[in-house]
Amino acid sequence: MPNASSWSASSPLLLLWEDSSGTRIFLSLLYAVLAISGTLSNVMVIYLVFSFKKLQTTSNAFIVNGCAADLSVCALWMPQEAVLGLLPPNSSSLRSAEYRLLRGGLLGLGLTVSLASHLLVAFNRYVLITKLPSVYQALYQRRHTGCMIGLSWALALLPVPLLPGLWTLGSAQSDGSSRYTALLLALAVLGQTALLLHCYLGIVRRVRGSAKRVSVLNFHLLHQLPFPAAPPPPPRRAQRRLSSVSVLLLCCVFLLGTQPLVWVSLLGFFLRPAPPALQAASWLLLCSLSALNPLLYTWRSEEFRRAARSVLP
């Protein structure tokens, strides 16, 4: 019976050697559903932004960047996991170190850029709503926006040359290396979450205390800078409350997807490894964000809904 460290190093990411065939088939079907829905939703968002000029805003550029990263998980990694779950545990595909390294690289690249895109979108909206228009225009010029997007991919690609060495180290000292890798992952996600919550809570405070009509539900309307000369009417209380609830709902979904993995990893480093099933569930929640991200950022946007209605029958 493998322990937690051998499970993380020798088996598919979310499948256990001792799992019954029914459990493995269920996970494979879950992967297939997430892969299909996530691929369609991410491709749809990318297509709409590139097809409709009104959607070509700075915030949507970061959303498209996240959708492209999520496709690495939904369209490339999840289908492989769905197929591998149907193979027998002694299959040569499951034991190939090079193939496991490729799958891990696809997952790591997609999740890293996706989480970075979350932070870029949150910071963009924070600056847009809480700072002067001149500050926003100076910071988010097209060249600067491109550099931010390129930096998110560069940071994700930076560890790629080190992966073979890390894989060799993991084979010799799987317990120690996997524990420290999990700790670094947990600290990175925890820091990114703290920055994201700071941005969105700052937006909520601004929306509740501002006399201007700042709608967090339709950020694309605010991106048509410069702002109109005539001050718009103040928002109604119900509108401000709905805006705040929408932002808090986004934060809750993000926390639900990321924090279980953080605390499972911290528990495994400082106390003892969590049960393999709990580790698998925390990873599954994190990966499911790749399928939910397009809906999180577009479900309340009237421009996105109008564009989708013009495309879909």
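Owing to the predicted nature of the structure, the values given are computational and were not obtained by experimental measurement.

Criteria and thresholds
In this numbering scheme, every chain counts its residues from 1 along its sequence in written order. For a predicted model such as this one, the threshold for reporting local features is a pLDDT of at least 70, and the threshold for listing and counting side-chain atom pairs is 80 or more; totals across whole chains, interfaces and linings nevertheless cover every residue. Only hydrogens and water are set aside; all other atoms, that is, all heavy atoms of the structure, feed into the side-chain values. A run of DSSP states H or I qualifies as a helix once it reaches four residues; a run of E qualifies as a strand once it reaches two. Both are numbered from the N-terminal end. Buried means the residue's accessible area, taken with a 1.4 Å probe over protein chains only, is under 20% of the maximum for its type, while exposed means over 50%, and partly exposed covers the values in between. The contact criterion used throughout is that any non-hydrogen atoms of two residues lie within 4.5 Å. We define the nonpolar core as a collection of buried residues of types Ala, Val, Leu, Ile, Met, Phe, Trp, Tyr and Cys that are connected through side-chain atoms lying within 4.5 Å of one another. UniProt positions are given in the numbering used here, feature names are shortened, and annotations may be inferred rather than shown by experiment. We call Phe, Tyr and Trp rings a pair once their centres come within 6.5 Å, taking the six-membered ring for Trp, and we label the pair stacked below 30 degrees between planes, edge-to-face above 60, and tilted otherwise. One side-chain nitrogen of Lys or Arg within 4 Å of one carboxyl oxygen of Asp or Glu is enough to make a salt bridge. Patches here are clusters of residues that have more than 30% relative accessible area and form no salt bridge, with a 9 Å joining cutoff for like charges and a 5 Å cutoff for nonpolar side chains (Val, Leu, Ile, Met, Phe, Trp, Tyr). Surface exposure here means Shrake-Rupley accessible area, sampled with a 1.4 Å probe, where a residue is shielded only by the protein chains that are shown.

### Structural notes on the overall build of the protein
- Helix and strand content of the protein: 13 helices and 0 strands.
- Counting over 313 residues, the protein shows a buried share of 45%.
- Within the protein, counting contacts between residues at least 6 apart in sequence, those at least 24 apart form 79% of the total.

### What to know about the nonpolar core
- With 60 residues, the main nonpolar core has Phe 62, Trp 77, Met 78, Leu 107, Tyr 200, Trp 283 and Tyr 297 as its most contacted residues.
- Elements supplying a minimum of two residues to this core: α2 (21-51), α3 (58-84), α5 (97-130), α7 (142-157), α9 (174-209), α11 (237-270), α12 (276-298) and α13 (302-311).

### Digging into the UniProt feature "transmembrane region" (unreviewed entry) in the protein
- Look at the UniProt record and you will see "transmembrane region" (unreviewed entry) annotated at residues 25-50, 62-80, 100-123, 144-162, 182-203, 245-271 and 277-299.
- The straight-line gap between the two end C-alpha atoms of residues 25-50 is 37 Å; of that span, 100% is helix and 0% is strand.
- Between the C-alpha atoms that bound residues 182-203 the distance is 32 Å, and the span itself is 100% helix and 0% strand.

### A short note on the packing of aromatic side chains
- One pass over the structure, following the stated rule, counts 3 aromatic pairs.
- With centroids separated by 5.7 Å and ring planes inclined at 85 degrees, the aromatic side chains of Tyr 31 and Trp 77 adopt a geometry described as edge-to-face. Residue Tyr 31 is located in helix α2, and its partner Trp 77 is located in helix α3; the two are separated by 46 residues in the primary sequence.
- Residue classification places Tyr 31 among the buried positions, given a relative accessible area of 1%.
- For Trp 77, a relative accessible area of 2% puts it in the buried group.

### Thoughts on the pattern of salt bridges
- This model, assessed by the stated rule, comprises 4 salt bridges.
- Of the charged contacts, one joins Arg 306 and Glu 302 as a salt bridge, the two residues approaching to 3.7 Å between their closest N and O atoms. Placement of both Arg 306 and Glu 302 in helix α13 is noted, with a separation of 4 residues, approximately one turn of the helix.
- By relative accessible area, Glu 302 is classed as partly exposed at 27%.
- Arg 309 is the salt-bridge partner of Glu 302, the closest N and O atoms lying 3.1 Å from each other.
- For Arg 309, a relative accessible area of 52% puts it in the exposed group.
- A network of salt bridges, in which partner residues are shared, links Glu 302, Glu 303, Arg 305, Arg 306 and Arg 309.

### A closer look at the environment of Gly 268
- Take Gly 268: it is sitting in helix α11.
- Judged by its relative accessible area of 15%, Gly 268 is buried.
- For the pair Gly 268 and Leu 183, spaced 85 residues apart in the sequence, the C-alpha separation amounts to 8.6 Å.

### Details of a nonpolar patch on the surface
- A cluster of nonpolar residues, Ile 25, Leu 29 and Leu 86, forms a patch on the protein surface that exposes about 310 Å² of accessible area.
- Relative to the helices and strands, Leu 29 is located in helix α2.

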